[in-house]
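Structural overview
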Amino acid sequence: MRLLVLILALAVATAAPSAAQPGGQPSGFTVENPVLRRMWALGMDSSMAPRLGQVLLDSLGPRLTGTPLMEAAQRWAVQTYQSWGITARQERYGTWRGWRRGRTHLDLLQPRVRSLEAMMLAWSPGTPGGRPVRGEVVTIPDTDSTGFAQWLRGVRGKFVLASFPEPTCRPDPSWEQWATRATLERMRNDRTAARQAFQQRLNRLGAMGPRLHARLEEAGAAGILTSTWSNGWGVNKIFGAQTQRAPVIDVSCEDYGLLWRLAENRQGPVVELMAEAEALGEVPVFNVIGEIRGSELPDEYVMLSAHFDSWDGSSGATDNGTGTIVMMEAMRILRLAYPNPRRTILVGHWSGEEQGLNGSRAFVADNPRVVEGLQALFNQDNGTGRVSNMSSAGLTMAAGNLARYLSQIPADITRNITFSFPGSPAGGGSDNASFICAGAPGFGLGSNSWDYGVYTWHTNRDTYDKIAWDEIRNNATLVAMLAYLASEDRERMPRERRDVFQSGPGGQPGRWPQCQPAQRSAPAPQPAR
């Protein structure tokens, strides 16, 4: 019977596409529900999402865990909720490595002058006193561990190129469009061979990643130059540093290749770096929690979820400013259209997601009553695209509830959504994983790509202008409607779990994911060995 209900509900949810009628109401409404109509008007016709995004992304900026910018943005979120009449608070869950970013400037001085596109990695130390430091640029040597130890004796005061130099910063789709087949194959073969040779070079040194950086720092390198190309025009991934004294600088794909070729060809590259940064020690870190108290079932919960933190190579617009804005706007809609919900509606803006879902994992551990009373959690965390896929996350009987919700939402929204049953529980990609591992109904809202993986995810190009605001309006309205319908549901969301899984990569039997503890303080830097 439940399967039949599911099929029928999905048939309603994906009924013939509709267009908006005069007055802004979509023709996809099949139920004369005044709350849903009010939500549509608020979300689609009088959205505050662009205004929220402009303040969050342009004025407040990136939200790296442990930084003053994150603290300021969280205070703004709390104050914004309070101005809407929504109870909100910062909820401490631990400490992290405090850090303040200043200016970065890197110039090539020899054999010619050029200002380079570069920036510090997160948590990197700056140059001493933020003053300019000048030094020769050298590459990692092609030698064994004994030769590397000898080479390190001469590295003091030099800038070391520690990443693979991409042979071409032209994206593959451009090669595929313009090159002959023979040229394309030759480029790919040569690049593969170069990558393998570089990896073998690092293997022979006996030091890679953080350990390599630690040894360079211990030897007195003036700075460590890296580059993590994202395979698109002018775009790099920007992550974090683990050094204590040596600045770690990301250099654009093009400028990094320039420095590498100059150094490898013994053409005497010299650079000058000015990098300002301030280490702030261990600082407290918080989640932001908003709440609209339930009128009938206050100890049962519907939760909206998005991580608030970002990397700080750019503004963190699509990872996860968009999810943050969707959830804030959905809460605004709920407060105006559904001010007395049946169940308590919570919103979680998580910190520390980029370091391992730390904020949401801590919340699950610290709030067992919420986990036990959770009716549904809806999480969004993959860019500016329209929500296009959902599943029942491995909860075998939950699909009927979710299908009933979708069947009542305008077809203008649901016609874009592919719903899979029973789906699989999230293993750790975003914060819904912190809940579903405990068997609590945490559902991810997957979005269309909009070039997310290459151009905006963790990159130096993740800025306000990359957001498609019609998609955000759609998503915020969807989330508000889902929260309302889950709150009003006369049935508890079933928690029966699937017990048949695809085998893992190594052939081991698949199983329900195990909950992992939150990391409540920053790890100590890795020592040089």
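Residues numbered from 1 in each chain as written. Predicted model: local features only at pLDDT ≥ 70, side-chain atom pairs only at ≥ 80, totals over all residues. Heavy atoms only, no water.

As a further point, take unusual backbone geometry. In this structure, the amide linkage connecting Gln 110 to the following residue, Pro 111, adopts the cis form with an omega of 5°. Omega for the peptide link from Asp 319 to Asn 320 comes to 0°, which places this bond in the cis form. Summarising the element assignment, Asn 320 is placed in helix 10 (residues 317–337). At Trp 123, a residue that is not glycine, the phi angle is positive and equals roughly 65°. With respect to the helices and strands, the residue Trp 123 is situated in the loop between strand 3 (118–120) and strand 4 (133–139). One non-glycine residue, Asn 231, lies in the positive phi region at around 70°. (Helix = DSSP H or I, 4+ residues; strand = E, 2+ residues; numbered from the N terminus.)

Moving on: the nonpolar core. Met 39, Leu 304, Met 331, Leu 334, Phe 378 and Phe 443 are the most contacted members of the largest nonpolar core, which has 75 residues in total. By residue number, the principal contributor to this core is helix 17 (residues 469–488), which donates 12 residues. (Core = buried A, V, L, I, M, F, W, Y, C linked by side-chain atoms within 4.5 Å. Buried < 20%, exposed > 50% of the residue type's maximum accessible area, 1.4 Å probe, protein only.)

On to helix 9 (residues 253–264). With 12 residues, helix 9 should cover 16 Å at 1.5 Å per step; its first-to-last C-alpha distance of 16 Å lies within 8% of that length. Most of helix 9 sits out of view: nine of its 12 residues are buried. The set of residues buried in helix 9 consists of Cys 253, Asp 255, Tyr 256, Gly 257, Leu 258, Leu 259, Trp 260, Leu 262 and Ala 263. Once helix 9 ends, the next one or two residues include Arg 266, with phi positive near 55°. (Expected span 1.5 Å × (residues − 1).)

With eight of its eight residues buried, strand 12 (residues 343–350) lies for the most part within the structure. With helix 10 bridging strand 11 (residues 297–307) and the parallel strand 12, this β-α-β connection has right-handed handedness. (Right-handed = clockwise from strand over helix to strand, strands pointing away.)

This part covers the sheet that holds strand 14 (residues 387–391). Reading across the sheet, the three strands line up as 15-14-17 and stay open at both edges, with mixed pairing between neighbours. Here the strands that pair on one side only, and so sit at the sheet edges, are strand 15 (418–420) and strand 17 (446–447). Pairing of strand 14 with strand 17 involves two bridges; the strand directions are antiparallel. Bridging from a neighbouring strand, Asn 389 pairs with Gly 446 of strand 17. (Pairing = 2+ DSSP bridges.)

Turning our attention to the confidence of the model for the chain. Looking at the chain, pLDDT values average 93 and 93% of them are 70 or higher. Predicted confidence is poor over residues 1–23, with pLDDT under 50, and the contacts of this stretch with residues over four places away or in other chains come to 38 contacts. (pLDDT = per-residue confidence, 0-100. Contact = heavy atoms within 4.5 Å.)

Under the counting rule described, the total for this entry stands at one cavity of 30 Å³ or more. In this structure, the largest cavity encloses a volume near 60 Å³. Taken together, the residues that form the lining of the largest cavity break down as one nonpolar, eight polar and four charged. (1 Å grid on protein atoms, 1.4 Å probe; cavity = no way out; pocket = protein on both sides within 12 Å on 5 of 7 lines; lining within 4 Å. Points joined across faces, edges and corners; volume = space filled by probe spheres on them. Nonpolar A, V, L, I, M, F, W, Y, C, P; charged D, E, K, R; others polar.)

The interhelical angle for the contact between helix 2 (residues 34–45) and helix 10, taken along N-to-C directions, is 135°, at an axis separation of 9 Å. Judged on the interaxial angle alone, helix 10 and helix 2 are oblique. Pair helix 2 / helix 10 crosses with right-handed handedness. Between helix 2, through Val 35, Arg 38, Met 39, Leu 42 and Gly 43, and helix 10, the contact on the second element is made entirely by Glu 329, Arg 332, Ile 333, Leu 334, Leu 336 and Ala 337. (Axes fitted to C-alpha atoms, helices over the stretch in contact; angles between N-to-C directions. Parallel < 35°, antiparallel > 145°, perpendicular 65-115°, else oblique. Left-handed = near helix turned anticlockwise from the far one by under 90°.)

Before going further, it helps to spend a moment on the pattern of salt bridges. One pass over the structure, following the stated rule, counts 30 salt bridges. One salt bridge in this structure joins Glu 278 and Arg 100, with 3.1 Å as the shortest N-O distance. In this pair, Glu 278 sits in strand 10 (residues 270–292) while Arg 100 sits in strand 1 (residues 87–110), placing the two residues 178 residues apart along the sequence. A salt bridge links Arg 332 to Glu 329; the nearest nitrogen and oxygen atoms lie 2.8 Å apart. Here Arg 332 pairs with Glu 329, and both are found in helix 10, just three residues apart, close to one helical turn. Assessed through its relative accessible area of 1%, Glu 329 is described here as buried. One continuous salt-bridge network, built from bridges that share partners, spans Arg 89, Glu 91, Glu 291, Arg 293, Asp 299 and Arg 369. (Salt bridge = Lys/Arg side-chain N within 4 Å of Asp/Glu carboxyl O.)

Evaluation of the coordinates by the stated rule reveals two disulfides. The side chain of Cys 169 participates in a disulfide bridge whose partner is Cys 253; the two sulfur atoms lie 2.0 Å from each other. Since a negative S-S torsion denotes a left-handed disulfide, the Cys 169-Cys 253 link at about -85° is left-handed. Note that Cys 169 is positioned in the loop between strand 5 (159–161) and helix 6 (172–178) and Cys 253 in helix 9, a separation of 84 residues in sequence. The same class applies to Cys 169 as to Cys 253, namely buried. Between the sulfur of Cys 437 and that of Cys 515 lies a disulfide, 2.0 Å long from S to S. Across the disulfide from Cys 437 to Cys 515, rotation about the S-S bond amounts to roughly 105°, and the bridge is consequently right-handed. Of this pair, Cys 437 sits in the loop between helix 15 (432–436) and strand 16 (442–444) while Cys 515 sits in the segment after helix 17; the two residues are 78 residues apart in sequence, bridging distant segments of the chain. Given the relative accessible area of 11%, Cys 437 is considered buried. (Disulfide = S-S within 2.5 Å.)

With that settled, consider helix 2. The end-to-end C-alpha separation of helix 2 is 16 Å, in line with the 16 Å expected for 12 residues at 1.5 Å each. Those residues of helix 2 lying buried are Val 35, Leu 36, Arg 37, Met 39, Trp 40, Leu 42 and Gly 43.

Right, let's talk about the layout of surface pockets for a bit. Looking at the largest pocket, its volume works out to about 1000 Å³. Along its surface, the largest pocket is lined by 50 residues, and Pro 210, Gly 240, Ala 241, Gln 242 and Thr 243 are the ones closest to its centre. Taken together, the elements giving at least two residues each to the lining of the largest pocket come down to strand 1, helix 8 (209–218) and strand 10. The element best represented in the lining of the largest pocket is helix 8, accounting for seven residues. Its residues assigned to classes, the lining of the largest pocket shows 25 nonpolar, 17 polar and eight charged. Its volume calculated, the second largest pocket comes out at about 320 Å³. If you go around the second largest pocket, you meet 19 residues; those closest to its centre are Asn 389, Asn 432, Gly 444, Leu 445 and Gly 446.

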